[in-house]
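If you want the building blocks of each chain, they are given just below.
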Amino acid sequence: MFDELSEKLDGVLGRFKQRGLLTESMIDDGLREIRRALLEADVNYQLARDFLDRVRERAVGEQVLKSVRPGEQVVKIVHDELVELLGQDRQGLVTAPAGPTVVLLVGLQGSGKTTTAAKLARRLGREGKKPLLAALDVYRPAAIDQLETLGGQVGVPVFSDRRERDVARLAERALEQARADRHRALILDSAGRLQIDEQLMDELRRVKSAVEPTEVLLVADAMTGQEAVRISEGFHEALGLTGVVLTKLDGDARGGAALSIKGMTGVPIKFVGVGERVDALDAFDPQRMADRILQRGDVVGLVERAQQAFDVDEAERLQKRVAEEGKFDLQDFLGALRQMQKLGPLEGLLGMIPGMDKKMLKNAKVDPKRLKHIEAIVLSMTPQERAKPQILNGSRRARIARGSGRSVQEVNQLMKQFQQMQKMMKQMRKMGLGGMMGGGPGGGAGGGFPGLPIPR
Ligand SMILES: Nc1nc2c(ncn2[C@@H]2O[C@H](COP(=O)(O)OP(=O)(O)OP(=O)(O)O)[C@@H](O)[C@H]2O)c(=O)[nH]1
Ligand SMILES: [Mg+2]
């Protein structure tokens, strides 16, 4: 989502870094470019101006101009100010001191409330909070069905009553149920409207006073850009929000909303939705987001995603082979693909690694539908072939194609993909990521997926 902004900032800051000396006018030229990049990313105008004023003040002061590596100092200042703009500290969910933590999700139609409810429930479930979901969208029966389906997917019960019309009463009863069953979290999925209207706000206010939620989270669609900021302001004024969940950050929104919400409303972004799947919810961390925008790589995010999805035993086995024995064969390839499948889009994941080549990522993408075919192909090989892919000549490939019911072309394509991944593994090891992340030669104890972090 921040690709364009990221690239532009990288360009300007890269030029700063190359210079031995900086003058005030050089800084001004650079800042003008940064300003343009921010505005193109749809950042609020006033915010962008204040941001640059602060950067300039610090950059021309603070001995930066006289320092040995002024460019790097400027980069650091931009980074710090970006973190400041995004909200400084990571703001997690507040937990109720007694009784269940009640999270009320509000937002316009289609912003992602119901999906987010399920994602949050999954997250809280994993934290041992034994959550309960409740469907407050009484206007569309399909909305209740949707939540029930999602609840089933994440293994969280759903409270609903298709006959109850009074939403505040429904919320109260959900809370009673949560208390009775000793749930430590209750997530209320409310109905959306096409736009902010008094009736919607009134209903939500009544829900709010009925159950006194610990958190009132606005679910806002990042794709709507500055509109998301305006909506946040409206909901905040009417309800007093405690946080924002910004969804669809995986789309091609320009990122202005993410960069403006905290600054414009004072309400922190707590989570971001990064996909349709129930595991595609990340805690929002200003520090990490700034790192990503400045292409410093979201290594921590990577660790967290990996932690949630990896089969640790399999990862350790792979890690050991690649790092210690320098081996990576087709069997490993298959294992790696299966792991990556669980992690969601490979591209998004690897994009978090600093220095990853974007073009290489595109080539390395795993199409979920192809995994089955790939499995069939690899399983049609002899153990020797899997271990030594270089022996796969034309006639062997033809046999494998027949055996797996795939075309020779597909077998060839697979081999190409395999070689790319092999190359990628080498590259990641070269960058020292294997070692840094608990594997790799001299990387100390620990196992991880080749090049990817596996915290223990
Ligand atoms: N790509 C992507 N899609 C998302 C994300 N969050 C939600 N969606 C999709 O957005 C659409 C709407 O999501 P819902 O959760 O039904 O939205 P809602 O706010 O509950 O909608 P209403 O109940 O009609 O107001 C669905 O197709 C979701 O899969 C996200 O983070 N990324
Ligand atoms: Mg909904």
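Reading guide: rules and limits
- Residues numbered from 1 in each chain as written.
- Chains lettered and ligands numbered in written order.
- Predicted model: local features only at pLDDT ≥ 70, side-chain atom pairs only at ≥ 80, totals over all residues.
- Near = placed C-beta within 6 Å.
- Helix = DSSP H or I, 4+ residues; strand = E, 2+ residues; numbered from the N terminus.
- Nonpolar A, V, L, I, M, F, W, Y, C, P; charged D, E, K, R; others polar.
- Buried ≥ 20, exposed ≤ 12 C-beta atoms within 10 Å, placed from the backbone.
- Expected span 1.5 Å × (residues − 1).
- Arc of directions from axis to C-beta.
- Pairing = 2+ DSSP bridges.
- Contact = placed C-beta atoms within 7 Å.
- Axes fitted to C-alpha atoms, helices over the stretch in contact; angles between N-to-C directions.
- Core = buried A, V, L, I, M, F, W, Y, C linked by C-beta atoms within 7 Å.
- Domains from an automatic or database assignment.
- Parallel < 35°, antiparallel > 145°, perpendicular 65-115°, else oblique.
- Left-handed = near helix turned anticlockwise from the far one by under 90°.
- pLDDT = per-residue confidence, 0-100.

S.K.: Please clarify how the site of ligand 1 should be interpreted in this entry.
M.R.: Ligand 1 sits among 21 residues. The nearest are Gly112, Thr114, Thr115, Gly192 and Gly273. No other element matches helix H5 (residues 113-126), which puts 3 residues into the shell around ligand 1. Split into classes, the residues belonging to the shell around ligand 1 amount to 4 nonpolar, 12 polar and 5 charged.

S.K.: Just to check I follow, could you spell out the environment of Arg399 for this structure?
M.R.: Position of Arg399 relative to the elements: it lies in helix H19 (residues 394-404). Take Arg399: there are 17 C-beta atoms within 10 Å of it, and that puts it in the partly exposed class. Once the C-alpha coordinates of Arg399 and Ser380 are considered, the two residues, 19 residues apart in sequence, prove to be 8.6 Å apart.

S.K.: Would you mind showing me how to read helix H1 (residues 3-18) here?
M.R.: Helical geometry note: an α-helix holds 3.6 residues per turn, so side chains three or four residues apart project in the same direction. Taking 1.5 Å of rise per residue, the 16 residues of H1 would be expected to cover 22 Å, and the 22 Å separating its terminal C-alpha atoms lies within 8% of that figure. Among all positions of H1, only Leu5, Leu9, Val12, Leu13 and Phe16 are buried. Buried residues along H1 cover an arc of 90° about the axis, so they all sit on one side. Residues of H1 that are exposed and angled more than 90 degrees away from the buried face: Glu7, Gly14 and Gln18.

S.K.: Please explain the sheet that holds strand S4 (residues 185-189) as it appears in this structure.
M.R.: Hydrogen bonds along the backbone pair up the strands of a sheet, which may run parallel or antiparallel. Taking strand neighbours across the sheet as the criterion, the 8 strands line up as S3-S2-S4-S1-S5-S6-S7-S8 in an open arrangement whose pairing is mixed. This sheet does not close on itself; its edge strands, each paired only once, are strand S3 (158-159) and strand S8 (281-283). With 2 bridges joining them, strand S2 (residues 131-135) and S3 adopt parallel strand pairing. Note on S3: the bridge partner recorded for Leu133 is Val158. Along the sheet, helix H9 (residues 226-239) makes contact with strand S1 (101-106), strand S5 (215-221) and strand S6 (243-247), crossing S5 at roughly 160°.

S.K.: Is there a simple way to think about H5 in this case?
M.R.: Under the 1.5 Å per step criterion, the end-to-end length of H5 is 20 Å for 14 residues, consistent within 8% with the ideal 20 Å. Of the residues one or two after H5, Gly128 is the one with positive phi, at around 80°.

S.K.: What is the right way to look at the nonpolar core in this model?
M.R.: Considering soluble globular proteins, one finds that nonpolar side chains tend to be buried as a cluster. Core analysis: the largest hydrophobic core is formed by 94 residues, its most contacted members being Ala134, Ile187 and Leu188. Two domains each put at least three residues into this core: domain 1 (3-86) and domain 2 (101-296). Apart from residues no more than four positions distant in its own chain, Leu188 is found in contact with Val102, Val103, Leu104, Leu105, Ala134, Leu136, Ala171, Ala174 and Val207. One finds Ile377, Met381, Val411 and Met424 within the second-largest nonpolar core, a separate group that totals 19 residues.

S.K.: Is there a simple way to think about the packing of helix H4 (residues 70-86) against helix H11 (residues 286-293) in this case?
M.R.: When two helices pack together, their arrangement is given by the angle between the helix axes and the distance between those axes. For the pair H4 and H11, the least separation of the axes is 8 Å and the interaxial angle reads 130°. Relative to H11, the element H4 lies oblique. Between H4 and H11 lies a crossing whose hand is right-handed. When H4 is examined against H11, the residues His79, Leu82, Val83 and Leu86 are found in contact with a partner set consisting of Pro286, Gln287, Met289, Ala290 and Ile293. The residue makeup of the contact of H4 with H11, split by class, is 7 nonpolar, 2 polar and no charged.

S.K.: Help me out: how do you make sense of the pairing of S4 in this one?
M.R.: On a regular strand, each side chain points to the face opposite its neighbour's, so the side chains alternate between the two faces of the sheet. The buried count for S4 comes to 5 of 5 residues, which makes it a mostly enclosed element. The two faces of S4 match: Ala185, Ile187 and Asp189 on one face and Leu186 and Leu188 on the other face are all buried. With 5 bridges connecting them, S1 and S4 associate as parallel partners. Bridge assignment links Thr101 to a residue of S4, and that residue is Ala185. Bridging between S2 and S4 involves 5 bridges; their strand directions are parallel. Across the sheet, Pro131 pairs through a bridge with Ala185, a residue of S4.

S.K.: Looking at this structure, I do not really get unusual backbone geometry. What am I missing?
M.R.: It is generally the case that most residues other than glycine have a negative phi and that most peptide bonds are trans. Backbone geometry at Asp42 places phi at a positive 75°, although glycine is not the residue there. Turning to its location among the elements, Asp42 is positioned in the loop between helix H2 (24-40) and helix H3 (45-60). A tally of 22 C-beta atoms within 10 Å means that Asp42 is categorised as buried. A positive phi angle, near 55°, is found at Arg182, a position not held by glycine. Along the chain, the position of Arg182 falls in the loop between helix H7 (167-180) and S4. Judged by the 10 C-beta atoms lying within 10 Å of it, Arg182 is exposed.

S.K.: Looking at this structure, I do not really get the packing of H7 against helix H8 (residues 198-211). What am I missing?
M.R.: Put simply, H7 and H8 touch, their axes get as near as 8 Å, and they point 30° apart. On the basis of their axis angle, the class for H7 and H8 is roughly parallel. Between H7 and H8 lies a crossing whose hand is right-handed. Of H8, the residues touching H7 (which contributes Val167, Ala168, Ala171, Glu172 and Leu175) are Glu203, Arg206, Val207, Ala210 and Val211. A class-by-class count of the residues in the contact of H7 with H8 yields 7 nonpolar, no polar and 3 charged.

S.K.: Teacher, can you tell me more about the confidence of the model for the chain here?
M.R.: For any part of a model where pLDDT is low, the fine detail of the predicted coordinates should not be relied upon. A residue-level look at the chain finds 79% of positions with pLDDT of 70 or above and a mean pLDDT of 82. Here residues 433-456 is a poorly scored stretch, pLDDT under 50, and it has 74 contacts once near neighbours within four places are set aside; other chains count.

S.K.: Looking at this model, I keep getting lost on the environment of Glu375. Mind explaining?
M.R.: When you line up the elements, Glu375 lands in helix H17 (residues 368-379). Taking the C-alpha atoms as reference, Glu375 lies 6.8 Å from Leu334; in sequence the two are 41 residues apart.

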